[in-house]
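# Structural features, examined
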Amino acid sequence: KGFDIAFVVLNKGWTLERTCKEIAQRARGTYTFHYRLSDLPVAKAYFFAHYRQFMSALLRNPRLSQSRTYIHFTHYTASNIPEKEVGRVLALATHVFVMNARTRDFLISIGVPSERVSVVYIGVDPSLFSPPTNHPAQKHTPVVGFCTRYESYAEYAGRKSYGRIIDLIHKLLP
């Protein structure tokens, strides 16, 4: 019988696990979370929290190539896997969800059919987040919000543009 959807996430507590839990709460039907790339449960569809997990799981579970598979693709990370190989494998997925047009265009450029890529822009639920509008500092002091993982590793610093944010803050200060 199986589940309607299996969410494949390797790390409990990971930001992308939380994304999957949000999707699961809104999904119709039955679902499960699976924290390994092997021994996937029987499901009508599989949602992979990260494209590399899909690529690895496909090698271990050949039946995935005949299944409905949905991939969450945040960004490409250079590795020993050539871009075109990433594109070839992602083209096997039923659909790939990205967070911006630049990433969509990148996936299309490496071979993922455009009809299989959708941009899902990150939004804010105002019922969960609504900054105060009457804070005294707002009248005189600029407020800058920057929400991301902060790491000192060069890989993150280049992609997250910390220097640009710091420069912006300095320009905004009186």
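Let me sum up the structure you'll find in this document.

Parameters at a glance
Residues numbered from 1 in each chain as written. Predicted model: local features only at pLDDT ≥ 70, side-chain atom pairs only at ≥ 80, totals over all residues. Heavy atoms only, no water. Helix = DSSP H or I, 4+ residues; strand = E, 2+ residues; numbered from the N terminus. Buried < 20%, exposed > 50% of the residue type's maximum accessible area, 1.4 Å probe, protein only. Salt bridge = Lys/Arg side-chain N within 4 Å of Asp/Glu carboxyl O. Pairing = 2+ DSSP bridges. Axes fitted to C-alpha atoms, helices over the stretch in contact; angles between N-to-C directions. Contact = heavy atoms within 4.5 Å. Right-handed = clockwise from strand over helix to strand, strands pointing away. Phe/Tyr/Trp six-rings, centres within 6.5 Å; stacked < 30°, edge-to-face > 60°. Lys NZ or Arg CZ within 6 Å of the ring centre and 35° of its normal.

### As for unusual backbone geometry
- At Asp-39, a position not held by glycine, the phi torsion is positive, near 55 degrees.
- Considering the arrangement of structural elements, one finds Asp-39 in the loop between strand 2 (31-34) and strand 3 (43-48).
- The exposure class assigned to Asp-39 is exposed, which follows from its relative accessible area of 59%.

### Concerning the pattern of salt bridges
- Throughout the structure, instances matching the rule amount to 6 salt bridges.
- In this structure, Glu-85 and Arg-88 form a salt bridge, with 2.8 Å as the shortest nitrogen-oxygen distance. Here Glu-85 and its partner Arg-88 are both found in helix 3 (residues 83-90), 3 residues apart, which amounts to about one turn of the helix.
- Owing to a relative accessible area of 29%, Glu-85 belongs among the partly exposed residues under this scheme.
- Residue Arg-88 is classed as partly exposed on the basis of its relative accessible area of 47%.
- A salt bridge links Asp-105 to Arg-104; the shortest N-O distance between them is 3.1 Å.
- Residue classification places Arg-104 among the partly exposed positions, given a relative accessible area of 27%.
- When salt bridges with common partners are traced through the structure, they connect Arg-18, Glu-22 and Arg-26 into a single cluster.

### Focus on the sheet that holds strand 2
- Spatially, the 6 strands line up as an open sheet ordered 2-1-3-4-5-6, and their pairing is parallel. In this open sheet, the two edge strands, each paired with only one partner strand, are strand 2 and strand 6 (117-119). The sheet shows a mean angle of 20 degrees between the axes of neighbouring strands, direction not considered.
- Across the sheet, helix 1 (residues 15-26) lies against strand 1 (3-8), strand 2, strand 3 and strand 4 (68-73), angled at about 170 degrees from strand 2, the strand it touches most.

### Focus on the pairing of strand 5 (residues 95-98)
- Bridge count between strand 4 and strand 5: 4 bridges; the pairing is parallel. The residue bridging Tyr-70 from the neighbouring strand is His-95, located in strand 5.
- Regarding the hand of the β-α-β motif, the stretch spanning strand 4, helix 3 and strand 5 is right-handed.
- Direction of pairing for strand 5 relative to strand 6: parallel, over a ladder of 3 bridges. The residue bridging Val-96 from the neighbouring strand is Val-117, located in strand 6.
- In the classification by handedness, the crossover that spans strand 5, the intervening helix 4 (residues 101-109) and the parallel strand 6 is right-handed.

### Quick notes on the packing of aromatic side chains
- Here the structure, examined in full by the defined rule, presents 11 aromatic pairs.
- Taking the centre distance of 5.7 Å and the plane angle of 50 degrees together, the rings of Phe-7 and Phe-47 count as tilted. Of this pair, Phe-7 sits in strand 1 while Phe-47 sits in strand 3, and the two are 40 residues apart along the sequence.
- Of the residues examined, Phe-47 reaches a relative accessible area of 6% and is grouped as buried.
- Ring centres of Tyr-76 and Phe-106 lie 5.3 Å apart, and the angle between their planes is 40 degrees; on these two criteria the pair is classed as tilted. Taken together, the positions of Tyr-76 in the loop between strand 4 and helix 3 and Phe-106 in helix 4 put the pair 30 residues apart, joining distant regions of the chain.
- An aromatic cluster is present here, built from Phe-7, Tyr-31, Phe-33, Tyr-35, Phe-47, Tyr-70 and Phe-97 joined pairwise through their rings.
- We note Lys-12 situated over the ring of Tyr-35; from NZ or CZ to the ring centre the distance is 4.8 Å.

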